[in-house]
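The residues making up each chain are set out below.
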Amino acid sequence: MNEENMDGTNGCSKVRTGIQNEAALLALMEKTGYNMVQENGQRKFGGPPPGWEGPPPPRGCEVFVGKIPRDMYEDELVPVFERAGKIYEFRLMMEFSGENRGYAFVMYTTKEEAQLAIRILNNYEIRPGKFIGVCVSLDNCRLFIGAIPKEKKKEEILDEMKKVTEGVVDVIVYPSATDKTKNRGFAFVKYESHRAAAMARRKLIPGTFQLWGHTIQVDWADPEKEVDEETMQRVKVLFVRNLMISTTEETIKAEFNKFKPGAVERVKKLRDYAFVHFFNREDAVAAMSVMSGKCIDGASIEVTLAKPVNKESTWRQHLNGQMSPSPENLIVYANKEDSHPKSLGKPPTLPARLNGQHSPSPPEIERCTYPFFPGTKLTPISMYSLQSSHFNSAVMHLDYYCNKNNWAPPEYYLYSATSQDGKVLLVYKIVIPAIANGSQSYFMPDKLCTTIEDAKELAAQFTLLHLDCSFRRSSINSLSPVSATTLSSGIPSVLPYTSRPYSYPSYPLSPTVSLVNGSHVGQRLYISNQASFF
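Taking an unreviewed UniProt entry as the reference, the chain is identified by name as Probable RNA-binding protein 46 belonging to Cavia porcellus. In UniProt, the chain has this text filed under Subcellular location (unreviewed entry): "Cytoplasm". Database annotation for the chain, UniProt heading Subunit (unreviewed entry): "Interacts with YTHDC2, MEIOC, MOV10, CNOT6L, DDX4, UPF1 and PABPC1."

Now the structure itself:
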């Protein structure tokens, strides 16, 4: 045990000795009847709990907990997480020093309890000014393999991966959007277990491993997003993959209407994939079974139900450092065929909730032009007299938000870094003068951009989402995020900003980029057809 840990049960700065730590943990074990074992850098509480019979809980019952104070242990954490339900196992990651490593995994006995823990404990103030992040944890059994020769077929890749790693179950390979005889330069390798995937990654990750004379890129594939069965039962949108770029929305609609004329409401095509919206779910399900594997314009298509996802929650979790963006929100790569998305394999997702309400077809911002006829009467107006729905960019939303709160406009400060290949990378720091004297003096995202427009947009989006987290009030008993007074004691009646999912999907990450000074800037992700973050 660490000899000098801070006792955070009441927010005091009282030193707690190793003996007191041990006594607190023993008291917890005696009270609950759970066992506790430390091994391989983690301390396991339970697994199984007392009196448990049968197999462990199914996949989807475990949550990941991040940003835990390093001097906080099971005697404080377990009672908090027991509020959501019965704990099957609590795994706290430990340092050699005796401190925890800042994160843990909590497995509940049911999926419902795990989801409840996410709802009530994500952004929970575990200590004054210390907010934990809670999100679903899934055993990842897939690896992303990049820099694969594009002429290699699925069978060749599968055979080669079975030769160099153990436990390979399948390989997912996608044809090039422009040449269906070639792959896209990457593949997803599925293993029989998380352990098998981890061992394969450990063998391949050094960066010196070659396949067919090529040094490959290896990383975890983003885990598949699970959607509850009740939500999926309402989906009436199909995701269609492997289309020809030349195939039009009209052609797709006509093909899907063949089995039942008039069944298709509309089609939205993006590069080589599309969403087909039906009026009725029954027709969508029937069309899926009929059309999957059919040829349209010479290409054999794949058809699945589109998966809804809470984009707002996903983005907020990412910006809070709890998880990467949803792995299934992709996939537009106009002129980016050499890009290596780590998260293909499942259809892109559709927004399912807005402000906590299910909405199968959320309203989209209309972005088009209308004819300007001679003699049309024009009236001068201020942008601040418009509704927030008139703005599409985060930069405009932030300016509008500050004005509505009678704050001075946000101040943008531009910074740069240089990668080893000489590329200039940019990031903005945003200062809100009205709250600059509080504990949150500025806002700066943890990604660098290659263009100034993207840097400014990302910084504004980051600021809006964090302002939303700061000023929201929670309705769950004692679970409350930081109040407005935490940021500034002199801001009365702050107008809350209701964050919305911006029109950025989730973007694939590239390998770590090194800076000239030897440090790293994390990973790059693509934000549109041309723009990129680092």
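Right, picking up where we left off after that structure.
Is there a simple way to think about helix 3 (residues 111–121) in this case?
A turn of α-helix holds 3.6 residues, and therefore any two residues three or four places apart point the same way. When we look at burial in helix 3, the residues that qualify are Glu-113, Ala-114, Ala-117, Ile-118, Ile-120 and Leu-121. Directly beyond the C-terminal end of helix 3, a positive phi value near 70° is found at Asn-123.

Hey, could you run me through the pairing of strand 19 (residues 273–278) in this one?
Counting buried residues along strand 19, six of its six residues qualify, which places the element largely inside the surrounding structure. Side chains of strand 19 alternate between two faces, with Tyr-273, Phe-275 and His-277 and Ala-274, Val-276 and Phe-278 buried alike. Strand direction decides the pairing type here: strand 17 (residues 237–241) and strand 19, joined by four bridges, are antiparallel. Residue pairing in the sheet places Leu-238 in a bridge with Val-276 of strand 19. Strand direction decides the pairing type here: strand 18 (residues 264–270) and strand 19, joined by six bridges, are antiparallel. The residue bridging Lys-269 from the neighbouring strand is Ala-274, located in strand 19. Hairpin connection from strand 18 to strand 19: two residues lie between these consecutive antiparallel strands, with Arg-271 at a positive phi of about 55°.

When you look at the sheet that holds strand 17 in this model, what are you seeing that I'm missing?
Picture the strands of a sheet paired through backbone hydrogen bonds; they go either parallel or antiparallel. Taken together, four strands build an open sheet; the order of strands is 18-19-17-22 and the sheet is antiparallel. Of all strands in the sheet, those bounded by a partner on one side alone are strand 18 and strand 22 (302–305). Strand-to-strand, the axes of this sheet are offset by a mean angle of 20°, without reference to chain direction. The strands touched by helix 7 (residues 249–257) are strand 17, strand 18, strand 19 and strand 22; relative to strand 18, the strand with the most contacts, the crossing angle is about 140°.

Would you take a moment to explain the side chain of Asp-283 for this structure?
Within the secondary structure, Asp-283 sits in helix 8 (residues 281–291). Taking the relative accessible area as the measure of exposure, Asp-283 reaches 8% and is therefore buried. A polar atom in the side chain of Asp-283 sits 3.1 Å from the side chain of Lys-260. Among residues more than four places away in sequence, those in contact with Asp-283 are Phe-259, Lys-260, Ala-263 and Phe-278.

Would you mind showing me how to read the packing of aromatic side chains here?
For any pair of aromatic rings, the description rests on two quantities: the centre-to-centre distance and the angle between the ring planes. Applying the stated criterion across every chain yields a total of 15 aromatic pairs. Taking the centre distance of 6.1 Å and the plane angle of 35° together, the rings of Phe-144 and Phe-186 count as tilted. With Phe-144 in strand 11 (residues 142–146) and Phe-186 in strand 13 (residues 183–191), this residue pair connects regions lying 42 residues apart in the sequence. The exposure class assigned to Phe-144 is buried, which follows from its relative accessible area of 3%. With 6.5 Å between their ring centres and 70° between their planes, Phe-256 and Phe-278 make a pair best called edge-to-face. A residue pair is termed long-range when its members are at least 10 positions apart, and Phe-256 in helix 7 and Phe-278 in strand 19 qualify at 22 residues.

Where do I start with the sheet that holds strand 11 in this structure?
With respect to topology, four strands assemble into an open sheet ordered 12-13-11-16, the strand pairing being antiparallel. The two strands at the open ends of the sheet, each matched to only one other strand, are strand 12 (168–175) and strand 16 (217–220). Taken pair by pair, the neighbouring strands of this sheet meet at an average axis angle of 25°, ignoring direction. As defined by bridge partners, strand 12 adjoins strand 13 across six bridges and the pair is classed as antiparallel. What sits directly across from Asp-170, in strand 13, is Lys-190. Where helix 4 (residues 154–164) meets the sheet, its contacts fall on strand 11, strand 12 and strand 13, and the angle it forms with strand 12 comes to roughly 145°. This element, helix 5 (residues 194–204), spans strand 11, strand 13 and strand 16 of the sheet and lies at about 150° to strand 16.

Here is what the cut-offs are and how they apply
Residues numbered from 1 in each chain as written. Predicted model: local features only at pLDDT ≥ 70, side-chain atom pairs only at ≥ 80, totals over all residues. Heavy atoms only, no water. UniProt positions renumbered as here; feature names shortened; annotations may be inferred. Buried < 20%, exposed > 50% of the residue type's maximum accessible area, 1.4 Å probe, protein only. Helix = DSSP H or I, 4+ residues; strand = E, 2+ residues; numbered from the N terminus. Pairing = 2+ DSSP bridges. Axes fitted to C-alpha atoms, helices over the stretch in contact; angles between N-to-C directions. Contact = heavy atoms within 4.5 Å. Polar contact = N/O pair within 3.5 Å; in protein donor to acceptor, adjacent residues only side chain to side chain. Phe/Tyr/Trp six-rings, centres within 6.5 Å; stacked < 30°, edge-to-face > 60°.

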